[in-house]
Amino acid sequence: MIEGALGEPWPAGARRDDGAVVIGGVDVRDLAAEHGTPAYVLDEDAFRARARAYRTAFAQAFEAIGSGVDVYYAGKAFLSVAVARWAREEGLRVDTASGGELETALRAGVPGAEIGLHGNNKSDAELHRALDEGVGRIIVDSMVEIDRLAAIVRERGDGPAPVMVRVTTGVHAGGHEYISTAHEDQKFGLSVAPRADGSSPALDALVDAVGRPELRLLGIHSHIGSQILDADGFRVAARVVLGLRADLAARAGALVDEVDLGGGYGIAYLPGEVPLDPARVAGDVATAVAGIATELGTPLPRFSIEPGRAIVGPAGVTLYTVGTVKPITVGTTDDGGTFVRTYVSVDGGMSDNIRPALYGAQYHVELANRVSDAAPVLVRVVGKHCESGDIVVHEAYLPGDVTAGDLLAVPATGAYGRSMASNYNMLPRPPVVAVSDGGTRVLVRRETLDDLFALDQG
């Protein structure tokens, strides 16, 4: 380990100084002393810079083809009141996927008109709340929801609700099958796959929405997956969606004004990985949609995208304290020696990052409180939960003298760590601590046992 900038997959500006990892100008030793561990550390400047990068890149690329674009921060990656406020201050709108996320955005002062509401099974209460607050778009996910939302609007006597129809394009993109969301055999959206008569569930839903006086059809929404590292999937999906838009115009006389191409923009999780560059993907997608619209003979719609992980993921680091260190002989080497893996247990685990257990997600880890001249050893960083699958980092090399009390830092954990966290084994969830310009601020405080028992009615 050397002094200086850390590079990918760490937050921009993270460095090693005096032997310790420094994030947002804050030495992790000081951060651990003040806030304890485990802790989610969120670099505010890195978050803001990445939000600006996506907004600027897509705005410039789509302006060049005579269109426009709205960038929605996908709050499911991680949302708090402060983070929603940061996103809006950087010119982003906010995409929500539940009543709780919607409420978070509203409490941050995000106007309803700048919020989208997703979900394949929205409750009536969530739909009423969205209508009460003038949410700018409700992404409907099924014919049943179209019927239900229209009935609610009719009952309320409101003006038409602004909707987009989510479609599944058949484009498979991203990593694990659970995060590839545009194939046919899954819960989201309506299929564009044609029937024998040339219609499709997606086209039927769009035609139905056009004819509903209770609904105002804004456009078509698609989302093809997650952790996507090239523009090919977006280009193919755009062709499908723009073709569907032209089919709707031919069948119902309605050329919708908006197309959403979703999110899923990938990041680096390990040293040496190359994240998706927002300027490059924006240019590639803009060029593609301009060509497709020309082929179809239709004017360009306004577009929108929904990056979440790409903005908050690289801005976050999880900080742990080492507890036990246990070398385990797991086999023999070709020359007859023993093969040892050292299990390094930390004070968190699958309750603060479920992704390694759920998806087999890979992360990087470093000794964060000091440097060491000890020879590196193969380690598996594990948590403190009563599960053999409680793995934080499957394989990594750490100095052989790693010991109890050391700090370990796992970068690129800003997305889906805190948002998917649980209280498994009755562990309180860690705090989210923002760092910037050498200072810290708690965005979400650490849970306590009193918090857990406040829900237990005995």
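Residues numbered from 1 in each chain as written. Predicted model: local features only at pLDDT ≥ 70, side-chain atom pairs only at ≥ 80, totals over all residues. Heavy atoms only, no water.

**A short note on the overall build of the protein chain**
For step 1, the next point in the chain: Helix and strand content of the protein chain: twelve helices and 24 strands.
For step 2, the next point in the chain: On C-alpha atoms alone, the protein chain measures out to a radius of gyration of 24 Å, which is about the 23 Å that the 2.2 N^0.38 rule sets for 458 residues.
For step 3, the next point in the chain: Sorting the 458 residues of the protein chain into buried and exposed places 54% on the buried side.
For step 4, the next point in the chain: Sequence separation of 24 or more characterises 69% of the internal contacts of the protein chain that already satisfy a separation of 6 or more.
For step 5, the next point in the chain: By element, 51% of the accessible surface of the protein chain is carried by carbon and sulfur atoms, the whole surface being about 18,400 Å².
For step 6, the next point in the chain: Each charge sign in the protein chain was given a centre, from 41 positive and 61 negative side chains, and these centres are 3 Å apart. (Helix = DSSP H or I, 4+ residues; strand = E, 2+ residues; numbered from the N terminus. Rg over C-alpha atoms; globule rule 2.2 N^0.38 Å. Buried < 20%, exposed > 50% of the residue type's maximum accessible area, 1.4 Å probe, protein only. Contact = heavy atoms within 4.5 Å. Areas by Shrake-Rupley, 256 points an atom, 1.4 Å probe, with all protein chains shown as cover. Lys, Arg positive; Asp, Glu negative; His and termini not counted. Charge placed at Lys NZ, Arg CZ, Asp CG, Glu CD.)

**Structural notes on helix H9 (residues 278-296)**
For step 1, the next point in the chain: End to end, H9 covers 27 Å across 19 residues, agreeing with the expected 27 Å (1.5 Å per residue, within 8%).
For step 2, the next point in the chain: Every buried residue belonging to H9 is among Pro278, Val281, Ala282, Val285, Ala286, Ala288, Val289, Ala290, Ile292 and Ala293, and all of these are buried.
For step 3, the next point in the chain: If you follow the buried residues of H9, they end up packed against helix H2 (44-64), helix H8 (232-252) and strand S16 (302-305).
For step 4, the next point in the chain: Of the residues trailing H9, Gly297 is marked for its positive phi of about 75°. (Expected span 1.5 Å × (residues − 1).)

**Re the packing of aromatic side chains**
For step 1, the next point in the chain: Applying the stated criterion across every chain, the model contains nine aromatic pairs.
For step 2, the next point in the chain: Every member of this aromatic cluster is reached through a ring pair, and the members are Tyr54, Phe58, Phe62, Phe234, Tyr265 and Phe303.
For step 3, the next point in the chain: The ring centre of Tyr72 lies 3.9 Å from the NZ or CZ of Arg137, which sits over that ring. (Phe/Tyr/Trp six-rings, centres within 6.5 Å; stacked < 30°, edge-to-face > 60°. Lys NZ or Arg CZ within 6 Å of the ring centre and 35° of its normal.)

**Quick word on empty space enclosed by the protein**
For step 1, the next point in the chain: Here the structure, examined in full by the defined rule, presents one cavity of 30 Å³ or more.
For step 2, the next point in the chain: Within this model, the largest cavity holds a volume of roughly 80 Å³.
For step 3, the next point in the chain: Where the lining of the largest cavity is concerned, the elements lending two or more residues are strand S5 (39-43) and strand S17 (316-332).
For step 4, the next point in the chain: Partitioning the lining of the largest cavity into residue classes produces six nonpolar, five polar and one charged. (1 Å grid on protein atoms, 1.4 Å probe; cavity = no way out; pocket = protein on both sides within 12 Å on 5 of 7 lines; lining within 4 Å. Points joined across faces, edges and corners; volume = space filled by probe spheres on them. Nonpolar A, V, L, I, M, F, W, Y, C, P; charged D, E, K, R; others polar.)

**Quick notes on the side chain of Ser345**
For step 1, the next point in the chain: The topology assignment puts Ser345 in strand S18 (residues 338-346).
For step 2, the next point in the chain: Under the relative-accessibility criterion, Ser345 is labelled buried at 18%.
For step 3, the next point in the chain: Those residues in contact with Ser345 that sit more than four places away from it in its chain are Thr321, Val322, Gly323, Thr324, Val382 and Gly383.

**Here we look at the packing of helix H7 (residues 201-210) against H8**
For step 1, the next point in the chain: For the pair H7 and H8, interaxial distance at closest approach is 10 Å and the crossing angle is 50°. When the interaxial angle is binned, H7 and H8 end up oblique. Viewed along their axes, H7 and H8 form a crossing whose handedness is right-handed. Within the contact between the two elements, H7 uses Ala202, Leu203, Asp204, Leu206, Val207 and Val210 and H8 uses Leu244, Asp247, Leu248, Arg251 and Ala252.
For step 2, the next point in the chain: The class makeup of the residues in the contact of H7 with H8 is eight nonpolar, no polar and three charged. (Axes fitted to C-alpha atoms, helices over the stretch in contact; angles between N-to-C directions. Parallel < 35°, antiparallel > 145°, perpendicular 65-115°, else oblique. Left-handed = near helix turned anticlockwise from the far one by under 90°.)

**Re the pairing of strand S3 (residues 20-23)**
One face of the sheet, then the other: side chains in a regular strand alternate in exactly this way.
For step 1, the next point in the chain: Side-chain alternation along S3 places Ala20 and Val22 on one buried face and Val21 and Ile23 on a second face that is also buried.
For step 2, the next point in the chain: Relative to S3, strand S2 (residues 15-17) runs antiparallel, the two sharing three bridges. Directly across from Arg16, in S3, lies its bridge partner Val21.
For step 3, the next point in the chain: The hairpin formed by S2 and S3 contains two residues between the paired strands, and Asp18 there has a positive phi angle of roughly 55°.
For step 4, the next point in the chain: As paired elements, S3 and strand S4 (residues 26-27) share two bridges and run antiparallel to each other. Paired with Val22 across the bridge in S4 is Asp27.
For step 5, the next point in the chain: Hairpin remark: S3 followed by S4, antiparallel, with two residues in the connecting loop; positive phi at Gly24, about 60°. (Pairing = 2+ DSSP bridges.)

**Some points on the nonpolar core**
When a protein is soluble and globular, its nonpolar side chains tend to lie buried together.
For step 1, the next point in the chain: Ranked by size, the top nonpolar core spans 109 residues in total, and within it Tyr73, Leu149 and Leu408 carry the most contacts.
For step 2, the next point in the chain: Sort the elements by how many residues they give to this core and H2 lands first, with eight residues. (Core = buried A, V, L, I, M, F, W, Y, C linked by side-chain atoms within 4.5 Å.)

**Section: the confidence of the model for the protein chain**
For step 1, the next point in the chain: Taken as a whole, the protein chain shows an average pLDDT of 94; of its residues, 96% reach a score of 70 or greater.
For step 2, the next point in the chain: pLDDT under 50 marks residues 174-183. Its contacts with residues more than four places away, or in other chains, come to 35 contacts. (pLDDT = per-residue confidence, 0-100.)

**Looking at the sheet that holds S2**
Picture the strands of a sheet paired through backbone hydrogen bonds; they go either parallel or antiparallel.
For step 1, the next point in the chain: Strands sit in the order S1-S2-S3-S4 across an open sheet of four strands; the sheet is antiparallel. Only two strands of the sheet have a single partner each, and these edge strands are strand S1 (4-5) and S4.

**Let's talk about the packing of H2 against helix H3 (residues 81-89)**
For step 1, the next point in the chain: Closest axis-to-axis distance for the H2/H3 pair is 9 Å, and the angle between their directions is 40°. Between H2 and H3, the interaxial angle falls into the category oblique. Here H2 runs over H3; the crossing is right-handed. Packed against H2, whose contacting residues are Glu44, Phe47 and Arg48, the element H3 presents Val83, Trp86, Ala87 and Glu89 at the interface.
For step 2, the next point in the chain: Here the contact of H2 with H3 is built from residues that sort into four nonpolar, no polar and three charged.

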